[in-house]
Amino acid sequence: MLLEVEKLTKSFAGSEGPLTVLRGIDLALDAGETLALTGESGSGKSTLLHLIGGLDDADAGSIRLAGQDVTRLDDAGRAALRRETVGVVFQQFNLIPSLTVAANIAFQARLADRYDPDRTRSLVEALGLGAQLAKYPEQLSGGQQQRVAIARTLVARPRLVLADEPTGNLDEATASDVMDQMRALVADTGAALIMATHSPALAARLQNRLHLTQGRLT
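Predicted, not measured: the structure shown is a model, and the values here were computed from it. (Residues numbered from 1 in each chain as written. Predicted model: local features only at pLDDT ≥ 70, side-chain atom pairs only at ≥ 80, totals over all residues. Heavy atoms only, no water.)

### Some words on the pairing of strand β3 (residues 34-38)
The element β3 is largely enclosed, with a buried count of 5 among its 5 residues. Residues Thr34, Ala36 and Thr38 point to one face of β3 and Leu35 and Leu37 to the other, with burial holding for every one of them. Relative to strand β8 (residues 192-196), β3 runs parallel, the two being bridged by 4 bridges. Its bridge partner lying in β8, leucine 37 is registered against alanine 196. Here β3 runs beside strand β9 (residues 208-213); their pairing, made up of 4 bridges, is parallel. In the sheet register, threonine 38 faces β9, and the bridge partner there is histidine 211. (Buried < 20%, exposed > 50% of the residue type's maximum accessible area, 1.4 Å probe, protein only. Helix = DSSP H or I, 4+ residues; strand = E, 2+ residues; numbered from the N terminus. Pairing = 2+ DSSP bridges.)

The structure is reproduced here in structure tokens:
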């Protein structure tokens, strides 16, 4: 089992006291599996992904990923986890504006000491980014920026990809195209994928689907 989440809880401070977002979440995922995480805005989808990726601290419960208890890692350990094991595709792309497309794509892989020119060329070709490599993020369309973000994540060969509304800023046709490419590329690497999405159509393309409501998965 690649990922095991048990009894995970998370609250945030609110004006009227603590607001509990996650209430005893249990989740398991094997290598190569894909999972769509659905739920209304504010249901805790992003929070759950952030906890699994070591971007935030849980209040209670455990997250075991590739044999490590993420909830017990210090900042350095969680940073290493994100370099070596987890790849995150954000809705807002989070590209580095001062770097070219080529440098953005290589960035994560170089940090993990996994940069492979042949692998990079293959991904660039698959995502149709060959003509964009010398450009900067601001010169790209939203769909092109999202492809760069996906390439950056997959070039580093993570074992688990967390995608937080990865097509939320794209039109329907572009979103469908990007989703097809991401699924194919994740399958090619053997990575597992958890994608948070509002779209039933996109969720239906993944192997499994869980709905988050009132802090619980159904």
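Still more ground to cover, so stick around.
### Digging into the pattern of salt bridges
Overall, the coordinates contain 9 salt bridges when judged by the stated rule. The partner of aspartate 56 in a salt bridge is lysine 10, and the shortest N-O contact between them spans 3.6 Å. Of the two residues, aspartate 56 sits in the loop between α1 (45-52) and β4 (60-65) while lysine 10 sits in strand β1 (residues 3-14), which places them 46 residues apart along the sequence. Relative accessible area serves as the criterion here: at 27%, aspartate 56 is assigned to the partly exposed category. Members of the salt-bridge network, linked through shared partners, are Asp57, Asp75 and Arg78. (Salt bridge = Lys/Arg side-chain N within 4 Å of Asp/Glu carboxyl O.)

### Some points on helix α3 (residues 101-111)
Restricting attention to buried positions, one finds in α3 the residues Val101, Asn104, Ile105, Ala106 and Ala109. Turning to α3, the residues buried within the fold contact α4 (117-126) and α5 (142-155). Once α3 ends, the next one or two residues include aspartate 113, with phi positive near 55 degrees. (Contact = heavy atoms within 4.5 Å.)

### Things to note about the environment of threonine 85
Residue placement: threonine 85 occurs in the loop between α2 (75-84) and β6 (86-89). Measuring from C-alpha to C-alpha, the distance between threonine 85 and arginine 159 comes to 5.2 Å, with 74 residues separating the pair along the chain. Every residue in contact with threonine 85, bar those within four places of it in the chain, is listed here: Leu65, Ala66, Ala80, Pro158, Arg159 and Leu160.

### Observations regarding the sheet that holds β9
Sheet strands line up and pair through hydrogen bonds in the backbone, either parallel or antiparallel. If you trace the 6 strands from one edge of the open sheet to the other, you get β6-β7-β8-β3-β9-β10, paired in mixed fashion. Looking at which strands have only one partner, the edges of the open sheet turn out to be β6 and β10 (216-217). Sheet topology places strand β7 (residues 160-164) next to β8; 5 bridges connect them, and they run parallel. Bridging across to β8, leucine 162 finds its partner in isoleucine 194. Against the sheet, α1 makes contact with β3, β7, β8 and β9, and its axis sits at roughly 150 degrees relative to β7, the strand it touches most. (Axes fitted to C-alpha atoms, helices over the stretch in contact; angles between N-to-C directions.)

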